[in-house]
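Topology and contacts: notes
What follows is each chain in one-letter form.
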Amino acid sequence: MATIGPVTEVRLLGPVRVVVNGTERPVGGAKQSAVLAVLALRSPRLASTDQLIDAVWGSAPPESARTAVQVYVSGLRKVLGGDAALIERDGDAYRLVGPSLAVDVTDFERGVSEGRSALRAGDPVRAARLLDDALSLWRGSPLSGLESLPFHADSGRALDDTRVAALVDRADGLLRSGALEDAIRVARQVTIERPFEERAWCLLATARYHAGRQAEALDTCSEVRRRLGDELGIDPSPELAALELSILRQDLEPPLPPSAPAERGAVPDAAATGLPALPEPFVGRDDLVAAVVERLGTARLVNLVGLGGIGKTSVAVAVGHRWSECGRPVVFCELESESEPSGALDRLCRQLGIDPGDDPAEALAVVEAGTVVVLDNIEQVEGLGAVLVGILEVGRLTILATSRRPLRVRDEVVVPVAPLSLRSSDGRPSPAAELFLERVGRVRASLDRTAAIEAGERVCAALDGIPLAIGLVAARARVLTVEQIAARLEAGGDSGLERTRRRDGPARQASLAAVVVSSIEALEPTARELLPRVAELDGWMSLDLVETVFGPAPGGSVIDAVEDLVDAGLADHDDDGRVRLRRPIREFVRRRTDGSRPVDATAVVARVRTWVEGLTPPLLDRHDDAVLALVARDQDPLRGALARARDLELADELAALVLALHRYWLLSGRITEARRWIEAACGLAGSDGVNGWRLQVLRGTFAAYAGDPEAEAILAAALDRVGTDPDGVGPVDRVLVNGWCVRAAISAQRDAIEDATAAAAAASALAAASADPTLLNLANDITGYVAAYAGDFAAALEAHRAALVTLRGRGDEYDVVNVLTSMVDDLVGLGRVEEALAVSEEAFDLVVRQDSVALRAQVLTLRGLALVCAVRPGEARGCLLEGLRLGRDHLPDPFQQAVRLALLAVCAAVARQDPTAARLWGAAEGLLRDTRISVRSQLPAGVVAEVDGARSRLGRDFEVRAELGGATAERVIDALLDP
């Protein structure tokens, strides 16, 4: 006969106590008690030394903290004694385990879970008894005596929230079972403790009404209405308002009667098997539910996997209802308070009305074939996966599980549950926003849903569509407007994710922060190490970048760590092989101060910079589609690194990142983004040193690309300071030579040919000193450009042809297109229109393969010019309008837009649409009014003659219409593009 060993009880629902075989033992001081409390709350899971340090000392531990933890653990081992309860060590972590260990918090949460299951299954008498038994474990304030320690605030509050929620459920059970006076007493207790707990007020009013005390019921509704209005400034929920109306009308339905227990051995209907009602609203999951139902037709173990609070249980419930509607038996079983497979199977057998006997797995073999068993929260039960595989081998049931992680067992079909969609359609809010607005409507009856949609979408985007986060934040609408909630989230302030709590679940789900912490603690050490480092960067990032920037991972593979993060629901992955942390999780990890080793953000930025500097050099020589695609793939973390460098005032790192990325921005048409980061880098670096003047040159260059009239002045200040002596400027690079080229182009455009020639000569001298073929081509190109503006089109064409030969040999299509467009100008100037058309066609054929919007618009403009000169105004107009559209929507360069408008004016004049020609010509002049550039000087004389003809035919009216066009240039463009 087996002997019964000692039982060790750890009591936390009051003062922290240890009782061994009925005898209380002294635990020790507050800090040692706190270590015991953390180990007991996490039992049987591990608690790292850092977590224990954070619980005792918070974010400012003494240097001796780790040693002190070891001392406390040693002391606790003596307190616990024997084998009934042990503190095991695993690396740098500890766990509290034992065959006869009893933790009152675990027993309490298990009892609450069983009581709620009974309530949902229609057995309120049993529910009230189970909840009463669970609540009887409380002996005062939880963790009493530890109030001064950091972990008490969150842990104590979470435990008390669960107690209050259990009291409300007990009042509900008492009401439904007809014990009205007891229901009144319990509900009243809750409203005194928590005066804004509306569900308790509803139960109190309902119980008083059914006890024949209608006046008191109405007084109850009036009291809560007054409290909400006076103290919170909000209206009662729709449920409370409807209850008050029913009491006034005396038509309140009686509470649901208790259900008869199911016959032993039979599988009852859905309600009797604990299948909860569908949540309201249930949105955005129809396709997923249909897919899971289809999976259950062929697979016998389907696991819905995702982050806590992502909606796995709601999906499983919906699938259960869909299956039940088809006449198939469904059983729903919560396992959130179970930790051992034997307990989980025993609970399932009881749910089915089966005697588990000595072998619950064997007992389950009699369940009817086709029965779907929904097992909720199986991640709590260590080792359950292998047991389930064994059950499926001998039994006939089908299992639908929900878990935060895959089981990784044979025949498991994993179905990821993603956040709610953020996509809206047909004027309706997205599913995420629909859920948010419905939740807000519960606490703010006056909500104007239509007006709140836009702000609601912003809220949900900031929360990444995570249902738990949406529900928690929606509760803040009691005191904040939807717009205020959105603004606070977008500003990165207090999102409410840490402080806003739910009161109807276990402590590990009391807030999104609790869910995330629980998921982090379950990670493998390598993934825990990687997580805060990845959180330093934003958005989607390639595995190549993760491995390069964050690897090698200590103690394991980066890929394995990323897979662990994805399995835990902390990260998403896409079809391009990229991964990202969900936004609320990333922000929470960044702010987390739990004793985790801090991340060196400076080192992260430096490694990103090194990675970019190794990736982008080919772009300095040519347009490389493969490199552009690689950079574009990781543009989110690159922007994150730029932002971190700016915010941390890392001047050298930000300058290096900008210098490495500037060609990517140019070649991909991201001129506005480039200017933003260049300005930020200049603000930190100033204008001194090699990086300082290079950034100033870039600042002027990109200002010119954007058509900024200040570009020439910025370039002149930077380049005149640097000079042209190759020995005095440091390494000659593309930034410097291109700066002189752009300065020459601006001078040529305003007919300052002498200045343009000098700038082109400076570019040529520096390029010759470098002996770099790419820079020599740049110099040849600008020499030809200036020659064209000086009227020497033959010299210009010769220079451009020389550059073209070299570029074709290197296969650089981007620069080939640039030179071809210059050659169109040259050939038009020489009157060789047919050749110009042929060259423009070649440029057009090549540019469609490029990502650069600016280059495409430029080619369309030059092709339009060639067509105008060939007197083909209809075709020319099509090219020019498309160029104008690209310019307006992507790159509003006033110089280029003015040339397009002027050429469109020529097309109108050729068609004898003289009033239109006048308005378009005036609009072109209006765009260049603040510059020293003449529209007339940008076009061949023969082309301008067509406009002069219109001017002659209209007389004074031409000037009037031109003046009107100049005053409303942007409106003229819009009218052309959107007639």
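Let me begin by describing the structure that accompanies this report. Predicted, not measured: the structure shown is a model, and the values here were computed from it. (Residues numbered from 1 in each chain as written. Predicted model: local features only at pLDDT ≥ 70, side-chain atom pairs only at ≥ 80, totals over all residues. Heavy atoms only, no water.)

So, the sheet that holds strand β7 (residues 101-103)
Strand order across the open sheet formed by 4 strands is β3-β2-β1-β7, with mixed pairing between neighbours. In this open sheet, the two strands that pair with only one neighbour each are β3 (23-25) and β7. Ignoring strand direction, the axes of neighbouring strands in this sheet form an average angle of 25°. When strand β1 (residues 8-11) meets β7, the two strands line up parallel, connected through 3 bridges. Residue pairing in the sheet places E9 in a bridge with A102 of β7. Relative to strand β2 (residues 17-20), helix α3 (residues 65-80) is tilted by about 35°, and along the sheet it contacts β1, β2 and β3. (Pairing = 2+ DSSP bridges. Helix = DSSP H or I, 4+ residues; strand = E, 2+ residues; numbered from the N terminus. Axes fitted to C-alpha atoms, helices over the stretch in contact; angles between N-to-C directions. Contact = heavy atoms within 4.5 Å.)

Considerations on the pairing of strand β15 (residues 578-581)
With burial as the criterion, each face of β15 is covered, one bearing R578 and R580 and the other bearing V579 and L581. With 3 bridges connecting them, strand β14 (residues 571-573) and β15 associate as antiparallel partners. By the bridge assignment for β15, H573 is matched with V579. (Buried < 20%, exposed > 50% of the residue type's maximum accessible area, 1.4 Å probe, protein only.)

Remarks on the packing of aromatic side chains
With the rule as written, the count across this model stands at 4 aromatic pairs. Arranged with centres 6.4 Å apart and planes meeting at 20°, the rings of W57 and Y72 form a pair that is stacked. Placement of the pair is W57 in helix α2 (residues 49-57) and Y72 in helix α3, with a sequence separation of 15 residues. Like Y72, W57 is buried. Measuring from centroid to centroid gives 5.5 Å for F108 and W138, while their planes differ by 80°, and the two rings are edge-to-face. (Phe/Tyr/Trp six-rings, centres within 6.5 Å; stacked < 30°, edge-to-face > 60°.)

Examining the sheet that holds strand β9 (residues 330-334)
Pairing in this open sheet of 5 strands is parallel, and the strands run β9-β10-β11-β8-β12 from one edge to the other. Edge positions in the sheet fall to β9 and β12 (413-416), since each has one partner strand and no second. Each strand axis lies, on average, 20° off the axis of its neighbour in the sheet, ignoring direction. In terms of strand pairing, strand β8 (residues 301-305) meets strand β11 (residues 398-403) through 5 bridges, oriented parallel. Paired with L301 across the bridge in β11 is I399.

A closer look at helix α20 (residues 512-521)
With 9 of 10 residues buried, α20 is to be regarded as a mostly interior element. Among the residues making up α20, those that are buried are L512, A513, A514, V515, V516, S518, S519, I520 and E521. Buried residues in α20 make contact with α1 (30-42), α2, α18 (467-474), α21 (525-534) and α24 (583-591).

Let's talk about the environment of Q214
Secondary-structure assignment places Q214 in helix α9 (residues 214-232). A residue is classified by how much of its surface remains accessible, and Q214, at 23% relative accessible area, is partly exposed. Taking the C-alpha atoms as reference points, Q214 and I247, 33 residues apart in sequence, are found 7.1 Å from one another. The contact partners of Q214, leaving out residues within four places of it in the chain, are R208, Y209, I247, L248 and Q250.

Some remarks on unusual backbone geometry
Positioned with a positive phi, R408 is a non-glycine residue whose angle comes to about 60°. Following the sequence through the fold, R408 ends up in the loop between β11 and β12. Of note, the phi angle at D411 is positive, near 70°, even though the residue is not glycine. Residue position: D411 is located in the loop between β11 and β12. The class of D411 is exposed, set by a relative accessible area of 54%.

Things to note about the side chain of S33
Here S33 is to be found in helix α1. S33 sits in the buried class, given a relative accessible area of 6%.

Notes on the pattern of salt bridges
Inspection of every chain in the model, using the stated rule, returns 72 salt bridges. Linking E193 and R163 is a salt bridge whose minimum nitrogen-to-oxygen distance equals 2.5 Å. With a gap of 30 residues between them, E193 in helix α7 (residues 180-193) and R163 in helix α6 (residues 152-176) connect regions that are remote in the sequence. Taking the relative accessible area as the measure of exposure, E193 reaches 35% and is therefore partly exposed. Look at R163 and you get buried, because its relative accessible area is 12%. Between R583 and E587 there is a salt bridge whose closest N-O contact spans 3.2 Å. Taken together, the positions of R583 and E587, both in helix α24 and 4 residues apart, correspond to about one turn of that helix. Bridged by salt links that share partners, the residues R116, D169, D172, R176 and R199 form one connected network. (Salt bridge = Lys/Arg side-chain N within 4 Å of Asp/Glu carboxyl O.)

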